[in-house]
Amino acid sequence: MRAQGLSPSIDSGATPADLISGDGPAVLAPVVPYRRGVTGARVLAVLYPVCLAVADGWAMAAAVSLVLPSPGAVLPGAAAVCVIAFNAGGGLYRPRRSPSLLVDAPPILVRTLVVGAFAAVLLPGAAHEAAVAWLWMTLVAGVLALGVRAFVNAAIRTYRCRRSRARAALIVGTGGTAAHLVEILRERGELGLVAVGQVAAGTAAAAPVLGETSDLPALVERHGIDTLVVIAEDVHPGHLGTVLRISFGLPCETLLVQPPSDVVPVAAARREHLAGLPCARVGWRLREPSARWAKRLLDLVVGSLILCAALPVIAACAVAVRLEGGPGVVFRQRRIGLGGEEFVLLKFRTLRKVDEHESDTRWTVRDDERIGRVGRFLRATSLDELPQLWNVIRGDMSLVGPRPERPHFVEQFSRSCPGYMLRHRVPAGMTGWAQIHGFRGDTSIELRARLDNHYIDHWSFSGDLKILLLTVRAMIFRDAG
(Lines give C-alpha, C1' and ligand atoms only; values in the text may rest on other atoms or scores of the structure.)
Protein backbone atom coordinates (compact mmCIF):
# COMPACT_ATOMS: atom_id res chain seq x y z
CA MET A 1 0.00 0.00 0.00
CA ARG A 2 1.32 3.38 -0.94
CA ALA A 3 1.97 5.81 1.87
CA GLN A 4 1.60 8.91 -0.24
CA GLY A 5 0.25 10.03 -3.58
CA LEU A 6 -2.65 9.28 -5.85
CA SER A 7 -3.88 5.89 -6.93
CA PRO A 8 -1.92 4.76 -9.99
CA SER A 9 -5.05 4.39 -12.12
CA ILE A 10 -5.20 8.16 -12.55
CA ASP A 11 -1.93 8.30 -14.42
CA SER A 12 -0.99 4.78 -15.46
CA GLY A 13 -4.28 3.11 -16.33
CA ALA A 14 -3.55 0.20 -14.01
CA THR A 15 -6.30 -2.33 -13.51
CA PRO A 16 -7.84 -2.96 -10.08
CA ALA A 17 -6.15 -6.35 -9.78
CA ASP A 18 -2.77 -4.67 -10.27
CA LEU A 19 -3.42 -2.20 -7.49
CA ILE A 20 -4.15 -4.50 -4.58
CA SER A 21 -1.33 -6.39 -2.94
CA GLY A 22 -1.66 -9.43 -0.76
CA ASP A 23 -3.35 -12.78 -1.15
CA GLY A 24 -6.93 -11.57 -1.10
CA PRO A 25 -8.81 -10.75 -4.30
CA ALA A 26 -9.80 -7.28 -5.34
CA VAL A 27 -13.18 -6.32 -3.95
CA LEU A 28 -14.93 -3.56 -5.82
CA ALA A 29 -18.03 -2.57 -3.91
CA PRO A 30 -21.02 -0.93 -5.57
CA VAL A 31 -22.53 2.32 -4.43
CA VAL A 32 -24.58 1.53 -1.35
CA PRO A 33 -27.37 4.04 -0.71
CA TYR A 34 -28.03 5.44 2.74
CA ARG A 35 -31.52 4.06 3.23
CA ARG A 36 -33.76 6.42 5.16
CA GLY A 37 -36.44 3.77 5.34
CA VAL A 38 -34.42 0.79 6.49
CA THR A 39 -36.66 -2.15 7.35
CA GLY A 40 -39.92 -0.96 8.82
CA ALA A 41 -40.62 -1.98 12.41
CA ARG A 42 -42.38 -5.36 12.34
CA VAL A 43 -45.15 -6.07 14.79
CA LEU A 44 -43.26 -8.94 16.43
CA ALA A 45 -40.06 -6.92 16.77
CA VAL A 46 -42.01 -4.20 18.60
CA LEU A 47 -44.33 -6.34 20.71
CA TYR A 48 -41.64 -8.71 21.97
CA PRO A 49 -39.51 -6.17 23.89
CA VAL A 50 -42.58 -4.23 25.03
CA CYS A 51 -44.25 -7.34 26.48
CA LEU A 52 -41.11 -8.46 28.27
CA ALA A 53 -40.40 -5.00 29.68
CA VAL A 54 -43.98 -4.64 30.96
CA ALA A 55 -43.84 -8.12 32.47
CA ASP A 56 -40.54 -7.50 34.26
CA GLY A 57 -41.68 -4.15 35.60
CA TRP A 58 -45.03 -5.53 36.72
CA ALA A 59 -43.35 -8.53 38.41
CA MET A 60 -40.95 -6.31 40.36
CA ALA A 61 -43.65 -3.84 41.38
CA ALA A 62 -45.97 -6.66 42.45
CA ALA A 63 -43.23 -8.30 44.52
CA VAL A 64 -42.43 -5.05 46.34
CA SER A 65 -46.11 -4.36 47.00
CA LEU A 66 -46.77 -7.88 48.34
CA VAL A 67 -43.68 -8.20 50.55
CA LEU A 68 -43.10 -4.74 52.00
CA PRO A 69 -45.69 -3.28 54.38
CA SER A 70 -47.32 -0.10 52.99
CA PRO A 71 -44.70 0.60 50.31
CA GLY A 72 -46.82 3.33 48.70
CA ALA A 73 -46.72 3.93 44.96
CA VAL A 74 -43.28 5.45 44.55
CA LEU A 75 -41.13 2.51 45.67
CA PRO A 76 -42.80 -0.20 43.51
CA GLY A 77 -42.69 2.16 40.51
CA ALA A 78 -39.04 3.02 41.08
CA ALA A 79 -38.13 -0.66 41.45
CA ALA A 80 -39.98 -1.48 38.23
CA VAL A 81 -38.16 1.25 36.30
CA CYS A 82 -34.78 0.14 37.66
CA VAL A 83 -35.21 -3.51 36.72
CA ILE A 84 -36.43 -2.58 33.22
CA ALA A 85 -33.45 -0.28 32.74
CA PHE A 86 -30.97 -2.92 33.93
CA ASN A 87 -32.47 -5.62 31.72
CA ALA A 88 -32.57 -3.35 28.70
CA GLY A 89 -28.92 -2.42 29.24
CA GLY A 90 -28.06 -6.11 29.27
CA GLY A 91 -29.78 -6.74 25.94
CA LEU A 92 -32.52 -8.91 27.45
CA TYR A 93 -35.27 -7.35 25.34
CA ARG A 94 -33.73 -7.78 21.90
CA PRO A 95 -35.64 -10.03 19.46
CA ARG A 96 -33.78 -13.29 18.83
CA ARG A 97 -34.12 -16.24 16.49
CA SER A 98 -33.64 -18.75 19.33
CA PRO A 99 -34.90 -17.23 22.60
CA SER A 100 -33.93 -19.38 25.58
CA LEU A 101 -35.25 -19.17 29.13
CA LEU A 102 -32.17 -20.98 30.45
CA VAL A 103 -29.92 -18.31 28.94
CA ASP A 104 -32.04 -15.41 30.23
CA ALA A 105 -32.73 -16.72 33.74
CA PRO A 106 -29.32 -16.03 35.40
CA PRO A 107 -28.98 -12.35 34.35
CA ILE A 108 -32.66 -11.70 35.16
CA LEU A 109 -32.34 -13.18 38.64
CA VAL A 110 -29.10 -11.30 39.33
CA ARG A 111 -30.69 -7.97 38.38
CA THR A 112 -33.78 -8.80 40.42
CA LEU A 113 -31.58 -9.55 43.42
CA VAL A 114 -29.82 -6.20 43.09
CA VAL A 115 -33.02 -4.15 42.78
CA GLY A 116 -34.67 -6.15 45.57
CA ALA A 117 -31.71 -5.43 47.85
CA PHE A 118 -32.13 -1.68 47.42
CA ALA A 119 -35.86 -1.97 48.14
CA ALA A 120 -35.28 -4.14 51.23
CA VAL A 121 -32.83 -1.60 52.68
CA LEU A 122 -35.73 0.82 53.03
CA LEU A 123 -37.66 -1.66 55.19
CA PRO A 124 -37.78 -0.46 58.83
CA GLY A 125 -36.87 -3.06 61.40
CA ALA A 126 -34.16 -5.64 62.08
CA ALA A 127 -31.61 -6.76 59.52
CA HIS A 128 -32.96 -10.33 59.40
CA GLU A 129 -36.41 -9.00 58.50
CA ALA A 130 -34.90 -7.04 55.61
CA ALA A 131 -33.02 -10.15 54.45
CA VAL A 132 -36.18 -12.27 54.52
CA ALA A 133 -38.10 -9.57 52.61
CA TRP A 134 -35.28 -9.38 50.06
CA LEU A 135 -35.39 -13.13 49.41
CA TRP A 136 -39.19 -13.13 49.10
CA MET A 137 -39.12 -10.20 46.68
CA THR A 138 -36.52 -11.95 44.54
CA LEU A 139 -38.51 -15.19 44.55
CA VAL A 140 -41.84 -13.57 43.67
CA ALA A 141 -40.43 -11.21 41.03
CA GLY A 142 -38.24 -13.92 39.51
CA VAL A 143 -41.03 -16.48 39.24
CA LEU A 144 -43.45 -13.98 37.72
CA ALA A 145 -40.93 -12.55 35.24
CA LEU A 146 -39.57 -15.91 34.12
CA GLY A 147 -43.07 -17.37 33.86
CA VAL A 148 -44.22 -14.62 31.52
CA ARG A 149 -40.98 -14.90 29.51
CA ALA A 150 -41.46 -18.67 29.09
CA PHE A 151 -45.00 -18.04 27.80
CA VAL A 152 -43.84 -15.31 25.38
CA ASN A 153 -41.00 -17.46 24.02
CA ALA A 154 -43.37 -20.39 23.46
CA ALA A 155 -45.86 -18.09 21.72
CA ILE A 156 -43.15 -16.80 19.38
CA ARG A 157 -42.02 -20.30 18.43
CA THR A 158 -45.61 -21.34 17.77
CA TYR A 159 -46.29 -18.25 15.68
CA ARG A 160 -43.17 -18.79 13.55
CA CYS A 161 -44.03 -22.43 12.93
CA ARG A 162 -47.65 -21.78 11.94
CA ARG A 163 -47.50 -18.56 9.97
CA SER A 164 -48.07 -18.92 6.25
CA ARG A 165 -44.77 -17.42 5.09
CA ALA A 166 -41.39 -17.52 6.79
CA ARG A 167 -38.92 -14.66 6.48
CA ALA A 168 -36.78 -14.91 3.35
CA ALA A 169 -33.07 -15.36 4.17
CA LEU A 170 -30.06 -15.04 1.88
CA ILE A 171 -26.98 -17.04 2.88
CA VAL A 172 -23.61 -15.42 2.14
CA GLY A 173 -21.05 -18.22 1.89
CA THR A 174 -20.82 -21.55 0.08
CA GLY A 175 -18.91 -23.85 2.43
CA GLY A 176 -19.92 -26.68 4.71
CA THR A 177 -21.33 -24.45 7.43
CA ALA A 178 -23.50 -22.60 4.92
CA ALA A 179 -24.87 -25.88 3.55
CA HIS A 180 -25.58 -27.08 7.10
CA LEU A 181 -27.42 -23.87 7.91
CA VAL A 182 -29.59 -24.18 4.79
CA GLU A 183 -30.70 -27.62 6.01
CA ILE A 184 -31.35 -26.33 9.53
CA LEU A 185 -33.57 -23.52 8.28
CA ARG A 186 -35.50 -25.99 6.13
CA GLU A 187 -36.13 -28.37 9.05
CA ARG A 188 -36.67 -25.99 11.97
CA GLY A 189 -39.67 -23.76 11.37
CA GLU A 190 -39.45 -22.18 14.83
CA LEU A 191 -36.46 -20.13 13.60
CA GLY A 192 -38.83 -18.30 11.25
CA LEU A 193 -36.40 -18.22 8.29
CA VAL A 194 -36.30 -19.94 4.91
CA ALA A 195 -33.19 -19.84 2.72
CA VAL A 196 -33.92 -18.64 -0.82
CA GLY A 197 -30.33 -19.15 -2.01
CA GLN A 198 -26.62 -18.64 -1.44
CA VAL A 199 -24.13 -16.00 -2.53
CA ALA A 200 -20.48 -16.71 -3.30
CA ALA A 201 -18.05 -14.46 -1.45
CA GLY A 202 -14.56 -15.04 -2.79
CA THR A 203 -14.45 -18.82 -2.32
CA ALA A 204 -15.15 -21.73 -4.64
CA ALA A 205 -18.85 -22.52 -4.88
CA ALA A 206 -19.75 -26.22 -4.71
CA ALA A 207 -23.49 -25.52 -4.89
CA PRO A 208 -25.48 -23.30 -7.29
CA VAL A 209 -25.40 -19.66 -6.23
CA LEU A 210 -27.56 -16.66 -6.99
CA GLY A 211 -24.66 -14.27 -7.48
CA GLU A 212 -21.53 -12.67 -6.08
CA THR A 213 -20.84 -10.16 -3.33
CA SER A 214 -21.42 -7.18 -5.63
CA ASP A 215 -24.91 -8.52 -6.47
CA LEU A 216 -26.18 -8.34 -2.87
CA PRO A 217 -28.24 -5.11 -3.19
CA ALA A 218 -29.99 -6.37 -6.33
CA LEU A 219 -30.61 -9.84 -4.86
CA VAL A 220 -32.06 -8.44 -1.64
CA GLU A 221 -34.49 -6.30 -3.60
CA ARG A 222 -35.39 -8.95 -6.17
CA HIS A 223 -36.14 -11.73 -3.68
CA GLY A 224 -37.60 -9.58 -0.87
CA ILE A 225 -34.91 -10.67 1.59
CA ASP A 226 -35.68 -9.99 5.26
CA THR A 227 -32.51 -11.48 6.78
CA LEU A 228 -28.96 -11.63 5.45
CA VAL A 229 -26.99 -14.46 7.07
CA VAL A 230 -23.22 -14.07 6.66
CA ILE A 231 -21.17 -17.22 7.37
CA ALA A 232 -17.81 -15.76 8.41
CA GLU A 233 -15.75 -18.94 7.94
CA ASP A 234 -17.21 -19.51 4.43
CA VAL A 235 -16.41 -15.97 3.24
CA HIS A 236 -12.98 -15.02 1.92
CA PRO A 237 -11.24 -12.79 4.51
CA GLY A 238 -10.80 -10.11 1.85
CA HIS A 239 -14.57 -10.00 1.30
CA LEU A 240 -15.94 -10.17 4.86
CA GLY A 241 -15.53 -6.48 5.69
CA THR A 242 -17.05 -5.44 2.37
CA VAL A 243 -20.05 -7.75 2.79
CA LEU A 244 -20.78 -6.40 6.26
CA ARG A 245 -20.41 -2.79 5.10
CA ILE A 246 -22.69 -3.38 2.14
CA SER A 247 -25.31 -4.61 4.61
CA PHE A 248 -25.37 -1.06 6.05
CA GLY A 249 -27.49 0.08 3.10
CA LEU A 250 -29.70 -2.99 2.76
CA PRO A 251 -33.32 -2.95 4.01
CA CYS A 252 -32.92 -6.16 6.03
CA GLU A 253 -31.39 -7.42 9.24
CA THR A 254 -27.91 -8.96 9.14
CA LEU A 255 -26.85 -11.98 11.17
CA LEU A 256 -23.14 -12.80 11.34
CA VAL A 257 -22.44 -16.47 12.05
CA GLN A 258 -19.06 -16.30 13.70
CA PRO A 259 -16.14 -18.64 13.00
CA PRO A 260 -15.26 -21.30 15.60
CA SER A 261 -12.51 -19.08 17.05
CA ASP A 262 -14.95 -16.15 17.45
CA VAL A 263 -12.25 -13.76 16.26
CA VAL A 264 -14.83 -11.18 15.21
CA PRO A 265 -15.50 -9.05 18.32
CA VAL A 266 -19.19 -8.67 19.11
CA ALA A 267 -20.81 -6.95 22.07
CA ALA A 268 -22.30 -9.39 24.57
CA ALA A 269 -25.73 -7.78 24.21
CA ARG A 270 -25.83 -8.78 20.53
CA ARG A 271 -24.71 -12.40 20.86
CA GLU A 272 -27.08 -15.28 20.31
CA HIS A 273 -27.17 -18.75 18.76
CA LEU A 274 -28.75 -19.97 15.56
CA ALA A 275 -29.37 -23.70 16.03
CA GLY A 276 -26.21 -23.90 18.13
CA LEU A 277 -24.07 -21.77 15.84
CA PRO A 278 -22.73 -18.63 17.54
CA CYS A 279 -24.00 -15.54 15.76
CA ALA A 280 -24.72 -11.88 16.33
CA ARG A 281 -26.87 -9.17 14.84
CA VAL A 282 -24.77 -6.66 12.98
CA GLY A 283 -25.91 -3.24 14.11
CA TRP A 284 -24.84 0.07 12.58
CA ARG A 285 -25.65 3.03 14.79
CA LEU A 286 -26.26 5.37 11.86
CA ARG A 287 -28.98 3.06 10.51
CA GLU A 288 -31.11 3.97 13.52
CA PRO A 289 -33.47 6.92 12.94
CA SER A 290 -32.67 8.34 16.39
CA ALA A 291 -28.93 8.45 15.59
CA ARG A 292 -29.52 10.11 12.23
CA TRP A 293 -31.81 12.71 13.80
CA ALA A 294 -29.24 13.39 16.53
CA LYS A 295 -26.51 13.88 13.93
CA ARG A 296 -28.73 16.16 11.85
CA LEU A 297 -29.71 18.18 14.94
CA LEU A 298 -26.03 18.62 15.78
CA ASP A 299 -25.41 19.88 12.25
CA LEU A 300 -28.24 22.40 12.40
CA VAL A 301 -27.51 23.74 15.87
CA VAL A 302 -23.70 23.87 15.76
CA GLY A 303 -23.60 24.83 12.07
CA SER A 304 -26.00 27.76 12.63
CA LEU A 305 -24.08 28.97 15.68
CA ILE A 306 -20.74 28.82 13.88
CA LEU A 307 -22.20 30.56 10.83
CA CYS A 308 -23.61 33.41 12.92
CA ALA A 309 -20.38 33.78 14.91
CA ALA A 310 -18.26 33.68 11.77
CA LEU A 311 -20.26 36.25 9.78
CA PRO A 312 -17.67 39.05 10.33
CA VAL A 313 -14.86 36.70 9.27
CA ILE A 314 -16.86 35.54 6.23
CA ALA A 315 -17.49 39.16 5.23
CA ALA A 316 -13.81 40.02 5.59
CA CYS A 317 -12.79 36.98 3.53
CA ALA A 318 -15.30 37.89 0.83
CA VAL A 319 -13.97 41.46 0.59
CA ALA A 320 -10.35 40.24 0.44
CA VAL A 321 -11.14 37.70 -2.29
CA ARG A 322 -13.03 40.36 -4.29
CA LEU A 323 -10.15 42.82 -4.07
CA GLU A 324 -7.55 40.27 -5.08
CA GLY A 325 -9.37 38.27 -7.74
CA GLY A 326 -12.23 40.41 -8.96
CA PRO A 327 -15.85 39.24 -9.41
CA GLY A 328 -16.86 35.75 -8.44
CA VAL A 329 -16.14 35.50 -4.73
CA VAL A 330 -17.85 32.15 -4.17
CA PHE A 331 -16.63 29.11 -6.09
CA ARG A 332 -19.17 26.36 -6.89
CA GLN A 333 -18.07 22.82 -7.62
CA ARG A 334 -19.86 19.50 -8.16
CA ARG A 335 -19.12 16.94 -5.48
CA ILE A 336 -20.40 13.43 -4.66
CA GLY A 337 -22.17 12.95 -1.35
CA LEU A 338 -24.74 10.70 0.29
CA GLY A 339 -25.64 7.65 -1.77
CA GLY A 340 -23.41 8.72 -4.66
CA GLU A 341 -25.58 11.74 -5.46
CA GLU A 342 -24.14 15.02 -6.73
CA PHE A 343 -24.48 18.34 -4.94
CA VAL A 344 -22.94 21.79 -5.39
CA LEU A 345 -20.23 22.58 -2.83
CA LEU A 346 -19.50 26.21 -1.94
CA LYS A 347 -16.03 27.64 -1.25
CA PHE A 348 -14.29 30.98 -1.41
CA ARG A 349 -12.44 31.31 -4.70
CA THR A 350 -8.68 31.03 -4.14
CA LEU A 351 -7.52 30.52 -7.73
CA ARG A 352 -7.90 33.16 -10.42
CA LYS A 353 -9.69 32.40 -13.68
CA VAL A 354 -9.95 28.63 -13.60
CA ASP A 355 -12.30 26.97 -16.09
CA GLU A 356 -14.87 24.38 -14.99
CA HIS A 357 -13.21 21.42 -16.72
CA GLU A 358 -9.87 22.13 -15.06
CA SER A 359 -11.45 22.49 -11.62
CA ASP A 360 -13.27 19.19 -12.06
CA THR A 361 -10.28 17.15 -13.24
CA ARG A 362 -7.13 18.70 -11.78
CA TRP A 363 -6.12 17.01 -8.54
CA THR A 364 -4.11 19.68 -6.73
CA VAL A 365 -3.27 23.37 -7.22
CA ARG A 366 -0.99 23.72 -4.21
CA ASP A 367 1.92 25.31 -6.12
CA ASP A 368 -0.11 27.04 -8.82
CA GLU A 369 1.17 30.55 -9.60
CA ARG A 370 -2.39 31.83 -9.97
CA ILE A 371 -2.94 31.56 -6.22
CA GLY A 372 -2.49 34.98 -4.64
CA ARG A 373 -1.52 35.83 -1.11
CA VAL A 374 -5.14 35.99 0.04
CA GLY A 375 -5.96 32.66 -1.60
CA ARG A 376 -2.89 31.01 -0.12
CA PHE A 377 -3.78 32.30 3.36
CA LEU A 378 -7.38 31.10 3.07
CA ARG A 379 -6.29 27.65 1.95
CA ALA A 380 -3.64 27.35 4.68
CA THR A 381 -6.13 28.29 7.40
CA SER A 382 -9.12 26.42 5.82
CA LEU A 383 -11.11 29.68 5.92
CA ASP A 384 -11.96 29.12 2.24
CA GLU A 385 -14.32 26.35 3.43
CA LEU A 386 -16.50 28.56 5.62
CA PRO A 387 -19.26 28.85 2.93
CA GLN A 388 -19.76 25.08 3.32
CA LEU A 389 -21.61 25.86 6.53
CA TRP A 390 -24.51 26.76 4.25
CA ASN A 391 -24.20 23.31 2.64
CA VAL A 392 -24.45 21.81 6.12
CA ILE A 393 -27.55 23.81 7.07
CA ARG A 394 -29.20 22.96 3.75
CA GLY A 395 -28.57 19.25 4.34
CA ASP A 396 -26.13 18.69 1.47
CA MET A 397 -23.39 17.86 3.96
CA SER A 398 -22.75 17.17 7.62
CA LEU A 399 -20.24 18.84 9.91
CA VAL A 400 -18.46 15.50 10.32
CA GLY A 401 -18.12 12.83 7.67
CA PRO A 402 -15.97 11.70 4.74
CA ARG A 403 -14.78 14.64 2.64
CA PRO A 404 -16.69 14.82 -0.66
CA GLU A 405 -14.77 14.38 -3.89
CA ARG A 406 -15.37 15.47 -7.48
CA PRO A 407 -17.22 13.03 -9.82
CA HIS A 408 -14.16 12.59 -12.06
CA PHE A 409 -11.98 11.37 -9.19
CA VAL A 410 -14.76 9.33 -7.57
CA GLU A 411 -14.96 7.33 -10.78
CA GLN A 412 -11.19 6.82 -10.78
CA PHE A 413 -10.87 5.91 -7.11
CA SER A 414 -13.85 3.55 -7.16
CA ARG A 415 -12.02 1.39 -9.70
CA SER A 416 -8.69 1.40 -7.91
CA CYS A 417 -9.49 1.58 -4.20
CA PRO A 418 -11.47 -1.20 -2.46
CA GLY A 419 -14.19 0.22 -0.25
CA TYR A 420 -13.97 3.75 -1.61
CA MET A 421 -17.62 3.89 -2.68
CA LEU A 422 -18.68 2.66 0.77
CA ARG A 423 -17.71 6.09 2.11
CA HIS A 424 -20.99 7.32 0.60
CA ARG A 425 -23.08 5.42 3.14
CA VAL A 426 -23.38 8.66 5.13
CA PRO A 427 -23.47 12.36 4.24
CA ALA A 428 -20.18 13.98 3.31
CA GLY A 429 -18.61 16.22 5.94
CA MET A 430 -16.67 19.46 6.33
CA THR A 431 -14.20 17.59 8.51
CA GLY A 432 -13.72 13.96 9.39
CA TRP A 433 -11.69 11.23 11.06
CA ALA A 434 -9.30 11.05 8.12
CA GLN A 435 -8.80 14.83 7.93
CA ILE A 436 -7.88 15.30 11.59
CA HIS A 437 -5.20 12.62 11.11
CA GLY A 438 -3.61 14.46 8.22
CA PHE A 439 -5.23 12.70 5.24
CA ARG A 440 -6.19 15.59 3.03
CA GLY A 441 -4.85 16.88 -0.25
CA ASP A 442 -2.16 14.73 -1.90
CA THR A 443 -2.19 11.79 0.51
CA SER A 444 -3.02 8.09 0.26
CA ILE A 445 -6.54 7.50 -1.03
CA GLU A 446 -6.55 3.92 0.28
CA LEU A 447 -5.73 4.96 3.84
CA ARG A 448 -8.19 7.84 3.64
CA ALA A 449 -10.98 5.46 2.59
CA ARG A 450 -10.01 3.05 5.38
CA LEU A 451 -10.24 5.78 8.02
CA ASP A 452 -13.53 7.09 6.62
CA ASN A 453 -15.09 3.62 6.69
CA HIS A 454 -13.79 3.09 10.22
CA TYR A 455 -15.56 6.31 11.24
CA ILE A 456 -18.85 5.12 9.73
CA ASP A 457 -18.58 1.64 11.25
CA HIS A 458 -17.95 2.98 14.76
CA TRP A 459 -19.93 6.22 14.67
CA SER A 460 -21.06 7.78 17.93
CA PHE A 461 -22.44 11.18 18.87
CA SER A 462 -19.56 11.79 21.27
CA GLY A 463 -17.17 10.81 18.50
CA ASP A 464 -18.51 13.61 16.30
CA LEU A 465 -17.99 16.10 19.12
CA LYS A 466 -14.43 14.84 19.59
CA ILE A 467 -13.66 15.28 15.87
CA LEU A 468 -15.05 18.82 15.91
CA LEU A 469 -12.87 19.75 18.90
CA LEU A 470 -9.79 18.20 17.27
CA THR A 471 -10.55 20.14 14.10
CA VAL A 472 -10.62 23.41 16.04
CA ARG A 473 -7.28 22.51 17.62
CA ALA A 474 -5.79 21.65 14.21
CA MET A 475 -6.95 25.00 12.79
CA ILE A 476 -5.53 26.99 15.70
CA PHE A 477 -2.17 25.21 15.86
CA ARG A 478 -2.07 24.20 12.16
CA ASP A 479 -1.55 20.67 13.36
CA ALA A 480 -2.74 17.57 11.44
CA GLY A 481 -3.46 15.53 14.55
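Residues numbered from 1 in each chain as written. Predicted model: local features only at pLDDT ≥ 70, side-chain atom pairs only at ≥ 80, totals over all residues. Heavy atoms only, no water.

## Focus: the confidence of the model for the protein chain
Part 1: Taken residue by residue, the protein chain gives an average pLDDT of 80. The fraction at 70 or more is 81%.
Part 2: Contacts for the low-pLDDT stretch residues 1–41, under 50 throughout, to residues beyond four places or in other chains number 93 contacts. (pLDDT = per-residue confidence, 0-100. Contact = heavy atoms within 4.5 Å.)

## Some words on the pattern of salt bridges
When their charged atoms lie close together, side chains carrying opposite charge are able to pair.
Part 1: Taken as a whole and judged by the stated rule, the model has 17 salt bridges.
Part 2: Note that Arg186 is salt-bridged to Glu183, the shortest N-O span being 2.7 Å. With a gap of three residues between them, Arg186 and Glu183 both fall in helix H7 (residues 176–187), about one helical turn apart.
Part 3: Classification of Arg186 by relative accessible area gives exposed; the value is 54%.
Part 4: The salt bridge involving Arg403 is made with Glu385; its shortest N-O contact spans 3.7 Å. (Salt bridge = Lys/Arg side-chain N within 4 Å of Asp/Glu carboxyl O. Helix = DSSP H or I, 4+ residues; strand = E, 2+ residues; numbered from the N terminus. Buried < 20%, exposed > 50% of the residue type's maximum accessible area, 1.4 Å probe, protein only.)

## Regarding the packing of helix H10 (residues 289–309) against helix H18 (residues 461–477)
Part 1: At a minimum axis distance of 10 Å, the contact between H10 and H18 shows a crossing angle of 25°. By the criterion of interaxial angle, the relationship of H10 to H18 is roughly parallel. Both H10 and H18 take part in a crossing whose hand is right-handed. The segment H10 lies against H18, with Ala294, Lys295 and Leu298 engaging Phe461, Asp464, Leu465 and Leu468.
Part 2: Broken down by class, the residue content of the contact of H10 with H18 amounts to five nonpolar, no polar and two charged. (Axes fitted to C-alpha atoms, helices over the stretch in contact; angles between N-to-C directions. Parallel < 35°, antiparallel > 145°, perpendicular 65-115°, else oblique. Left-handed = near helix turned anticlockwise from the far one by under 90°. Nonpolar A, V, L, I, M, F, W, Y, C, P; charged D, E, K, R; others polar.)

## Comments concerning a nonpolar patch on the surface
Part 1: Taken together, the side chains of Phe86, Val110, Val114 and Phe118 make up a nonpolar region of the molecular surface, amounting to roughly 390 Å² of accessible area.
Part 2: With three residues, the top contributor of residues to the nonpolar patch is helix H5 (residues 101–121). (Patch = residues over 30% accessible without salt bridge, like charges linked within 9 Å, V, L, I, M, F, W, Y side chains within 5 Å. Areas by Shrake-Rupley, 256 points an atom, 1.4 Å probe, with all protein chains shown as cover.)

## What about the pairing of strand S7 (residues 330–336)?
Part 1: Pairing of S7 with strand S8 (residues 342–348) involves seven bridges; the strand directions are antiparallel. Opposite Arg332, over in S8, you have Leu346 as the bridge partner.
Part 2: The loop that links S7 with its antiparallel partner S8 comprises five residues; one of these, Gly339, has a positive phi angle of about 65°. (Pairing = 2+ DSSP bridges.)

## What about the sheet that holds strand S3 (residues 227–231)?
Part 1: Taking strand neighbours across the sheet as the criterion, the six strands line up as S2-S1-S3-S4-S6-S5 in an open arrangement whose pairing is mixed. Since the sheet does not close on itself, it has two edges, and those belong to strand S2 (193–199) and strand S5 (271–274), each with one partner. Sheet twist, expressed as the average angle between the axes of neighbouring strands with direction ignored, equals 30°.
Part 2: One ladder, built from six bridges, connects strand S1 (residues 167–172) with S2; its direction is parallel. Each residue of the ladder has a partner; that of Ile171, found in S2, is Gln198.
Part 3: On the sheet, helix H8 (residues 216–223) packs against S1, S2 and S3 and is oriented at approximately 160° with respect to S1.

## Some details on empty space enclosed by the protein
Part 1: Per the counting criterion, the structure on display carries two cavities of 30 Å³ or more.
Part 2: Taken as a whole, the largest cavity holds about 50 Å³ of empty space.
Part 3: Elements that contribute at least two residues to the lining of the largest cavity include exactly helix H3 (43–67), helix H4 (74–89), H5 and helix H6 (127–162).
Part 4: Residues belonging to the lining of the largest cavity are distributed by class as follows: six nonpolar, three polar and one charged.
Part 5: Approximately 40 Å³ is the volume attributed to the second largest cavity.
Part 6: Around the second largest cavity sit Ile336, Gly337, Pro402, Arg403, Pro404, Arg423, His424, Val426, Pro427 and Ala428, which together line it. (1 Å grid on protein atoms, 1.4 Å probe; cavity = no way out; pocket = protein on both sides within 12 Å on 5 of 7 lines; lining within 4 Å. Points joined across faces, edges and corners; volume = space filled by probe spheres on them.)

## Remarks on the pairing of strand S4 (residues 253–257)
Part 1: Most of S4 sits inside the fold, with five of its five residues counted as buried.
Part 2: Residues Glu253, Leu255 and Val257 line one face of S4 and the alternating positions Thr254 and Leu256 line the opposite face, and both faces are buried.
Part 3: Here S3 runs beside S4; their pairing, made up of five bridges, is parallel. Note on S4: the bridge partner recorded for Leu228 is Thr254.
Part 4: The handedness of the S3 to S4 crossover, carried by helix H9 (residues 237–246), is right-handed.
Part 5: In the sheet, S4 pairs with strand S6 (residues 277–281) via three bridges, with the strands oriented antiparallel. Following the sheet pairing, Leu256 is matched in S6 by Ala280. (Right-handed = clockwise from strand over helix to strand, strands pointing away.)

## Considering the packing of H4 against H5
Part 1: Viewed as axis vectors pointing N to C, H4 and H5 meet at an angle of 150°, and their least axial separation amounts to 10 Å. The orientation of H4 with respect to H5, classified from their angle, is roughly antiparallel. In this structure, H4 meets H5 at a crossing whose hand is right-handed. Residues Leu75, Ala79, Cys82, Val83, Phe86 and Asn87 of H4 lie in contact with H5, whose contacting residues are Ile108, Arg111, Thr112, Val114, Val115 and Ala119.
Part 2: When the residues that make up the contact of H4 with H5 are grouped by side-chain class, the tally is nine nonpolar, two polar and one charged.

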